[in-house]
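Chain residues, written in single-letter form:
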Amino acid sequence: MKNKEKKILLSAPRGFCAGVERAIEIVEKSIKKFGVPVYVRHEIVHNKYVVDDLKNKGAIFVEELEEIKDKSRPVIFSAHGVPKKIPEDAKNYNMTYVDATCPLVSKVHREAENLNKAGYHIILIGHENHPEVVGTMGQLPEGAIDLIQNEQEALNYENKFNKKIAYVTQTTLSVDDTKDIIKILKDRFKDIHETPKEDICYATTNRQMAVKNIAKKCDVFFVIGSRNSSNSVRLVEVAKKSGCPNSYLIHSQSEIPYEQIENSNTIGISSGASAPEILVENFISDLKKRFTINIDEVEIIKEDVVFKIPKKLN
């Protein structure tokens, strides 16, 4: 029996950003152009549904170039970016490669390089071992960049080399948390150099603002996305901090807490920048089987960003 009506506040914008759409298109066009298989170093974007779909079309995912047996096949670098050494290795193997790094991540890479050339020691605000952080740190010589992950590390940071310092950030961080870390660094190092335009990408910022906008009105909040997707995990944190403590990430192995939904009147839903809209649709149609659903899409900003794909694929 369907019970009382549930109101869904559907957060917008949500889901795919321009960098993710471009990366997926790069894999699909590479398959069309080069035939199968094409190799992809690291998950092209952090979403199991997307990765499985591309595997079915003929993409083979590897963590390192060494794993690729047939070096005559092309390899694609994921949207998160790669250390400088990786394209060099591909050239040494005589491999054809296509770089699907998000242009906004590439922008951070160039900033870090230019600051390094200008004599700055760099602080990167980000999460250890995230592929984007590995890629950004890998743009510079060993020791030229230090990682800061939280406020405590910012408070303890020492400018050991007594050089001018500058900071850059991972593109998928929590806007508010990053603000707090930057404030500490600016208070401690008055001359720290900041980039003229912040590094956190437009899509991360917009999705977090959209979640903030509705979280306090929700009894329970769901973010559709993968556990290894930084921006999806951040959206759950933002929902919790913005007034909905019952906020959850819904990933491929999630048990959906129907009992909690049963006891809720208003349900918030968003999705991370690497989660396809079909996963949101599937989640909602699943709820419709159990409850009477009334959907209100709450959009705070229209997104019209598009990134061109590399010329070699046209």
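Residues numbered from 1 in each chain as written. Predicted model: local features only at pLDDT ≥ 70, side-chain atom pairs only at ≥ 80, totals over all residues. Heavy atoms only, no water.

### Focus on the pattern of salt bridges
Opposite charge on two side chains permits pairing when their charged atoms draw close.
Next up, step 1: Tallied over the full model, the rule gives 20 salt bridges.
Next up, step 2: Put simply, Arg110 and Glu113 hold a salt bridge, and the shortest N to O gap is 2.9 Å. Highlighted residues: Arg110 and Glu113, both in helix 4 (residues 103-117), separated by 3 residues, approximately one helical turn.
Next up, step 3: Under the relative-accessibility criterion, Arg110 is labelled partly exposed at 37%.
Next up, step 4: For Glu113, a relative accessible area of 14% translates into the label buried.
Next up, step 5: Of the charged contacts in the structure, one is a salt bridge between Arg207 and Glu303, with a shortest N-O distance of 2.8 Å. Of this pair, Arg207 sits in helix 8 (residues 202-215) while Glu303 sits in the segment after strand 12 (291-299); the two residues are 96 residues apart in sequence, bridging distant segments of the chain.
Next up, step 6: By relative accessible area, which is 2% here, Arg207 ends up buried. (Salt bridge = Lys/Arg side-chain N within 4 Å of Asp/Glu carboxyl O. Helix = DSSP H or I, 4+ residues; strand = E, 2+ residues; numbered from the N terminus. Buried < 20%, exposed > 50% of the residue type's maximum accessible area, 1.4 Å probe, protein only.)

### As for the sheet that holds strand 7 (residues 145-148)
Next up, step 1: Taken together, 3 strands build an open sheet; the order of strands is 7-6-8 and the sheet is parallel. Since the sheet does not close on itself, it has two edges, and those belong to strand 7 and strand 8 (164-169), each with one partner. Strand-to-strand twist in this sheet, taken as the mean axis angle between neighbours without regard to direction, amounts to 30°.
Next up, step 2: The sheet contacts of helix 7 (residues 175-188) involve strand 6 (120-125), strand 7 and strand 8, and relative to strand 6 the element is tilted by about 150°. (Pairing = 2+ DSSP bridges. Axes fitted to C-alpha atoms, helices over the stretch in contact; angles between N-to-C directions. Contact = heavy atoms within 4.5 Å.)

### Focus on the pairing of strand 6
Next up, step 1: Counting buried positions along strand 6 gives 6 out of 6 residues, so the element sits mostly inside the fold.
Next up, step 2: Neither face of strand 6 is open: one carries Tyr120, Ile122 and Leu124, the other His121, Ile123 and Ile125, and all of them are buried.
Next up, step 3: In terms of strand pairing, strand 6 meets strand 7 through 4 bridges, oriented parallel. Bridge assignment links Leu124 to a residue of strand 7, and that residue is Leu147.
Next up, step 4: After leaving strand 6, the chain enters helix 5 (residues 131-137) and then returns to the sheet as strand 7, a path that is right-handed. (Right-handed = clockwise from strand over helix to strand, strands pointing away.)

### Things to note about the nonpolar core
Next up, step 1: Of all hydrophobic cores here, the largest spans 30 residues; its most connected members are Val27, Ile44, Leu54, Ala59 and Ile76.
Next up, step 2: Sorting elements by how many residues they give to this core places helix 1 (residues 18-34) first, with 7 residues.
Next up, step 3: Aside from chain neighbours lying at most four places away, what touches Ala59 is Val27, Ile31, Val38, Val40 and Leu54. (Core = buried A, V, L, I, M, F, W, Y, C linked by side-chain atoms within 4.5 Å.)

### Here's the deal with the environment of Val45
Next up, step 1: Summarising the element assignment, Val45 is placed in the loop between strand 2 (38-41) and helix 2 (48-57).
Next up, step 2: Its relative accessible area of 1% is what places Val45 among the buried residues.
Next up, step 3: A C-alpha to C-alpha distance of 23 Å links Val45 and Ser247, two positions 202 residues apart in sequence.
Next up, step 4: Once residues lying within four places of it in the same chain are set aside, the contact partners of Val45 are Val20, Ala23, Val50, Val51, Ala79, His80 and Ser274.

### Examining empty space enclosed by the protein
Next up, step 1: For the structure on display, the rule yields 1 cavity of 30 Å³ or more.
Next up, step 2: Space inside the largest cavity adds up to approximately 260 Å³.
Next up, step 3: Lining the largest cavity are 25 residues, and of these Cys17, Val20, His80, Thr172 and Asn231 sit closest to its centre.
Next up, step 4: Counting only elements with at least two residues in the lining of the largest cavity, the list comes to helix 1, helix 4, helix 8 and helix 9 (230-241).
Next up, step 5: Considered class by class, the residues forming the lining of the largest cavity number 13 nonpolar, 11 polar and 1 charged. (1 Å grid on protein atoms, 1.4 Å probe; cavity = no way out; pocket = protein on both sides within 12 Å on 5 of 7 lines; lining within 4 Å. Points joined across faces, edges and corners; volume = space filled by probe spheres on them. Nonpolar A, V, L, I, M, F, W, Y, C, P; charged D, E, K, R; others polar.)

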